[in-house]
Amino acid sequence: MSEPVFLLSLAAGVEAVLLLVASLIEFSVRKRRRIPAPPVETVEAVEAALPEPPVEAEAVGPITAPAVEPPAPESVSAEPSVPPDIAPPPMPAEPAAEARLEPRPAVEPEPPAAPDEVPEAAAVPEPVSTPREAPAPAFDAAAPVEPARRIGLGLRRTREGFLARMRAVFTSGAKLDEIYEGLEEALIGADVGVEVSLRLVEAVRGRLKSNATPEQVREALKDEIAKTLTLVERPTNIPVEGPFVVMLAGVNGAGKTTTVAKLAARMKAERGPVIVAAADTFRAAAIEQLEIWCKRAGAEIIKQMQGSDPAAVAFDAVKAAVARDAATVIIDTAGRLQTRVNLMEELKKIARVVGREMPGAPHECWLVLDATTGQNALSQAKVFGEAVPLTGVVLAKLDSTAKGGVVIAIADQLKLPVRFVGLGENIEDLREFDSREFVEALFSEDEPRADNASGSYAA
């Protein structure tokens, strides 16, 4: 055998040996890379766990087989030896986080998402219940609406000045004519007004004889004031069918917006659902302020953008009340000075539009007056009465003034009943006016006190 042939044979033999060694090495490597099938009991546990829906969201966890060792890092690209219908293939990284992202219970588990499609575990919110928004300090419509204050406490400042003047007159030993003059001064000081004060004193003088005692003078004056208030009383015009529509008017700063909310809370407790029309589209932030108050009162609000036609807002509110079977509609109008002719014409338009949509509406038109303005409230009421037919007065801030006698002047000069009086800043501090209770509180010598048991006030 020649040397070249020997070398070729040797090379072929070496190549054959190398191929055999390579085949053995590859076989050994593949055998090592194979993943052993899980035990029978592990497969059964996995199959039993997959269709069971987790009872609580917190109970969802990674589905793992404790007896199976995790694959080596080099096994990422290897084919799984376990058939896919027996057990899911192993995930490449962070199996716990990926198992948490599986959809909530299904009859058959969906295949896991690809690694590049799975979001980070930190970005997935925990399936816990969303906390409710903290409720606003809303008024409980089911609770009684009777305010915590009686009118005696609200009249404390007025009564203190009025009774002090009367006591000074009665204890001075003056003659009867001087007592009458002192009564006139006491009434004028309480802001009853000059004309009304003179008329009341003349009525007392005509009832009594020349030898009347101070106590008789006091009781006669009390009766005349009560008569003045009761003569203008009239029942509220509540319709038999359909919603009761009330329109509130007043100047800026009279307390009209808060009065609307207090009235809405009271009407809801007494009559049922209330819709408030935010027809004050003139003043900035008026709609937002009214919306906050309506939320506290539990009333629905109908609103539009600032600058919209207020008559259109009132029209929508009445239509909504009819469609939703609401019991009461309260129309909040823009606060305006009685000298602004264009705004007063706008008030007339609101009344006309509401009347066309619902015959007879608005059933009541109440003027909100600030009790602290005293006799100036009378001039406001006269001008507003020329624009719309007023049917009553709501006297706000009665507890903040010593001029509560304006109630008597309103009844005598305007011939309008006082429907409600405001006795505080809370939503329940709106008291239905009672003329007899007012007179008793005005002449009461007892200081109003808080009743610790009930939280109410007694005169």
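Residues numbered from 1 in each chain as written. Predicted model: local features only at pLDDT ≥ 70, side-chain atom pairs only at ≥ 80, totals over all residues. Heavy atoms only, no water.

Focus on the pattern of salt bridges
Turning to step 1, where the next piece is worked out: Using the criterion set out here, one finds 18 salt bridges in the structure.
Turning to step 2, where the next piece is worked out: The closest approach of N and O atoms between E300 and R324, which form a salt bridge, is 1.9 Å. Within this pair, whereas E300 is found in strand β3 (residues 300-302), its partner R324 is found in the loop between α11 (310-323) and β4 (328-332), the two being separated by 24 residues in sequence.
Turning to step 3, where the next piece is worked out: By relative accessible area, which is 35% here, E300 ends up partly exposed.
Turning to step 4, where the next piece is worked out: The class for R324 is partly exposed, based on a relative accessible area of 49%.
Turning to step 5, where the next piece is worked out: Residues E345 and K348 are paired through a salt bridge, measuring 3.1 Å at the closest nitrogen-oxygen approach. On the criterion of helical spacing, the pair formed by E345 and K348 is a turn pair, its members being 3 residues apart in helix α12 (residues 341-357). (Salt bridge = Lys/Arg side-chain N within 4 Å of Asp/Glu carboxyl O. Helix = DSSP H or I, 4+ residues; strand = E, 2+ residues; numbered from the N terminus. Buried < 20%, exposed > 50% of the residue type's maximum accessible area, 1.4 Å probe, protein only.)

Focus on the packing of aromatic side chains
Turning to step 1, where the next piece is worked out: All chains considered together, the criterion is met by 3 aromatic pairs.
Turning to step 2, where the next piece is worked out: Between the aromatic rings of F162 and F443, the centroid separation amounts to 5.5 Å while the plane-to-plane angle is 90°, which identifies the pairing as edge-to-face. With F162 in helix α5 (residues 156-170) and F443 in helix α15 (residues 435-443), this pair connects stretches of sequence that are 281 residues apart. An identical accessibility class is assigned to F162 and F443; each is buried.
Turning to step 3, where the next piece is worked out: Between F433 and F438 the ring centres are 5.5 Å apart and the planes differ by 55°, which places this aromatic pair in the tilted class. Of the two residues, F433 and F438, both sit in the buried class.
Turning to step 4, where the next piece is worked out: The lysine or arginine in question, R296, covers the ring of W293, its NZ or CZ lying 5.3 Å from the ring centre. (Phe/Tyr/Trp six-rings, centres within 6.5 Å; stacked < 30°, edge-to-face > 60°. Lys NZ or Arg CZ within 6 Å of the ring centre and 35° of its normal.)

Details of helix α8 (residues 214-231)
For an α-helix, the turn length of 3.6 residues means that residues three or four places apart are oriented alike.
Turning to step 1, where the next piece is worked out: Given a rise of 1.5 Å per residue, 18 residues ought to cover 26 Å, and the 26 Å separating the end C-alpha atoms of α8 matches this to within 8%.
Turning to step 2, where the next piece is worked out: Those residues of α8 that fall on the buried side of the exposure criterion are V217, R218, A220, L221, K222, E224, I225, T228 and L229.
Turning to step 3, where the next piece is worked out: Buried positions along α8 lie against α5, α6 (176-189), α7 (194-207), α14 (406-414) and α15. (Expected span 1.5 Å × (residues − 1). Contact = heavy atoms within 4.5 Å.)

Quick word on the side chain of S435
Turning to step 1, where the next piece is worked out: Along the polypeptide, S435 turns up in helix α15.
Turning to step 2, where the next piece is worked out: For S435, a relative accessible area of 1% puts it in the buried group.
Turning to step 3, where the next piece is worked out: Apart from the residues within four sequence positions on either side, S435 is in contact with L229, T230 and E233.

What to know about unusual backbone geometry
Turning to step 1, where the next piece is worked out: Cis geometry marks the peptide bond from A361 to P362, where omega comes out at -10°.
Turning to step 2, where the next piece is worked out: By the secondary structure assignment, P362 is in the loop between α12 and β5 (364-370).
Turning to step 3, where the next piece is worked out: At D191, a residue that is not glycine, the phi angle is positive and equals roughly 70°.
Turning to step 4, where the next piece is worked out: Tracing the backbone shows D191 in the loop between α6 and α7.
Turning to step 5, where the next piece is worked out: With a phi close to 65°, A285 is a non-glycine residue in the positive phi region.
Turning to step 6, where the next piece is worked out: Its place among the elements puts A285 in the loop between β2 (274-278) and α10 (286-297).

Some points on α7
Turning to step 1, where the next piece is worked out: For α7, which comprises 14 residues, the first-to-last C-alpha distance of 20 Å matches the rise-based estimate of 20 Å (1.5 Å per residue) to within 8%.
Turning to step 2, where the next piece is worked out: Burial in α7 covers these residues: V196, S197, L200, V201 and V204. For α7, the angular spread of the buried residues around the axis is 130°, confining them to a single face. Turned more than 90 degrees from where α7 packs its buried face, V194, E195 and G206 sit exposed.
Turning to step 3, where the next piece is worked out: The inward-facing, buried residues of α7 contact α6, α8 and α14. (Arc of directions from axis to C-beta.)

Side note on the environment of L231
Turning to step 1, where the next piece is worked out: With respect to the helices and strands, the residue L231 is situated in helix α8.
Turning to step 2, where the next piece is worked out: Look at L231 and you get exposed, because its relative accessible area is 66%.
Turning to step 3, where the next piece is worked out: In the structure, L231 is positioned 184 residues away from K415 in sequence and 8.3 Å away in space, judged by C-alpha atoms.

Points about the pairing of strand β1 (residues 244-249)
Turning to step 1, where the next piece is worked out: Of all 6 residues in β1, 6 are buried, a share of seventy percent or more.
Turning to step 2, where the next piece is worked out: The alternating pattern of β1 places F244, V246 and L248 and V245, M247 and A249 on opposite faces, both of which are buried.
Turning to step 3, where the next piece is worked out: Of the strand pairs in this sheet, β1 and β4 are connected by 5 bridges, and their pairing is parallel. Directly across from V246, in β4, lies its bridge partner I330.
Turning to step 4, where the next piece is worked out: Here 4 bridges tie β1 to β5, and the two strands are oriented parallel to one another. The residue bridging A249 from the neighbouring strand is L367, located in β5. (Pairing = 2+ DSSP bridges.)

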